[in-house]
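A closer look at the structure
One-letter residues, chain by chain:
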Amino acid sequence: MIDIMKRRNLFAFLDCAYQGFASGSVEEDSRVVKLFAERMNQVMIALTFAKNMGLYGERIGALSVVCRSAQEADNVLTQLKRIIRPIYSHPPNWGARLVTLLLNDHHLKTEWFNDVKNMQMRISDMRSQLVRELNRLSNGKYSWDFILQQKGMYCFTGFTEQQSIQLRQEFAVYIATDGRINIAAINDQNIKQIANAIHSVKTNY
Ligand SMILES: Cc1ncc(COP(=O)(O)O)c(C=O)c1O
């Protein structure tokens, strides 16, 4: 992808919202970002800690810009300040302080790495359980194994907008209208209910 982008002179903007949830390692999931930063002359990287640190609502993240020169970096900073000033001017302090504390304390940082790993394993386990349950209900009629090829916090069901709305209206299972499910919302208590609802919509609509 980097080669193609370079060849076509495209600008890279990376949106990193779930670092650690793909492989279970915060370091490993940053590999692509680092590769882009190394190989492209200009890159913008948006990072949020909302999910991987559970800091929703604290508006905590970072925008990093790789520039070709110190002068270009100065220019970019001036433009960013101009954009930021009328929108929010100063970011909230408290989330940023928590992240600073955590990343600068070896013990807390190790604990966080483990927490992210555990979260990724739980999500991955829920993904497998959901597929197993859906395949059991389908009884050979459909295969849901394609969901196992995906990774991260979401799964794409292939549901149409109509099917997603049906799931919501008839079964109170709320998924995005593009058919995307947040796997982190599935647990041992609701998995059967969710699988039954998905199976029912798949079969009837
Ligand atoms: C891919 C992606 N990028 C960015 C965001 C925005 O994250 P935040 O609200 O923490 O800035 C989200 C949030 O859902 C996301 O899914």
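Conventions adopted
- Residues numbered from 1 in each chain as written.
- Predicted model: local features only at pLDDT ≥ 70, side-chain atom pairs only at ≥ 80, totals over all residues.
- Heavy atoms only, no water.
- Near = heavy atom within 4 Å.
- Polar contact = N/O pair within 3.5 Å; in protein donor to acceptor, adjacent residues only side chain to side chain.
- Areas by Shrake-Rupley, 256 points an atom, 1.4 Å probe, with all protein chains shown as cover.
- Nonpolar A, V, L, I, M, F, W, Y, C, P; charged D, E, K, R; others polar.
- Salt bridge = Lys/Arg side-chain N within 4 Å of Asp/Glu carboxyl O.
- Buried < 20%, exposed > 50% of the residue type's maximum accessible area, 1.4 Å probe, protein only.
- Helix = DSSP H or I, 4+ residues; strand = E, 2+ residues; numbered from the N terminus.
- Pairing = 2+ DSSP bridges.
- Axes fitted to C-alpha atoms, helices over the stretch in contact; angles between N-to-C directions.
- Parallel < 35°, antiparallel > 145°, perpendicular 65-115°, else oblique.
- Left-handed = near helix turned anticlockwise from the far one by under 90°.
- Contact = heavy atoms within 4.5 Å.

A word on the site of the ligand. Around the ligand sit Asp 15, Ala 17, Tyr 18, Thr 48, Ala 50, Lys 51 and Arg 59, and that is every residue in its neighbourhood. Here Asp 15 contributes a side-chain N or O atom positioned 2.6 Å from a nitrogen atom of the ligand. A distance of 2.5 Å separates an oxygen atom of the ligand from a polar side-chain atom of Tyr 18. Contact with the protein chains hides 56% of the accessible area of the ligand, taken as 400 Å² for the molecule alone. Looking at the shell around the ligand residue by residue, the classes come out as three nonpolar, one polar and three charged.

Oppositely charged side chains may form a pair once their charged atoms are brought near each other. With the rule as written, the count across this model stands at seven salt bridges. Among the salt bridges present, the one from Arg 31 reaches Glu 28, with a minimum N-O distance of 3.0 Å. Looking at Arg 31, the relative accessible area reads 53%, which means it is exposed. With a shortest N-O distance of 2.7 Å, Arg 136 and Glu 133 are connected by a salt bridge. Linking Arg 136 with Glu 133, this pair stays in helix H6 (residues 106-138), spanning three residues, or about one helical turn. Assessed through its relative accessible area of 52%, Arg 136 is described here as exposed.

With five of its six residues buried, strand E2 (residues 43-48) lies for the most part within the structure. In the sheet, strand E1 (residues 12-16) pairs with E2 via five bridges, with the strands oriented parallel. Note on E2: the bridge partner recorded for Cys 16 is Leu 47. Inspection of the sheet shows E2 paired to strand E3 (residues 61-66) by six bridges, in the antiparallel sense. In the sheet register, Ile 45 faces E3, and the bridge partner there is Ser 64.

Closest axis-to-axis distance for the helix H7 (residues 161-171)/helix H8 (residues 191-204) pair is 10 Å, and the angle between their directions is 125°. Considered as vectors, H7 and H8 are oriented oblique to each other. As H7 runs across H8, the sense of the crossing is right-handed. Seen from H7, the contacting residues are Gln 163, Gln 166, Leu 167 and Phe 171; seen from H8, they are Ala 197, Ile 198, Ser 200, Val 201 and Lys 202. A class-by-class count of the residues in the contact of H7 with H8 yields five nonpolar, three polar and one charged.

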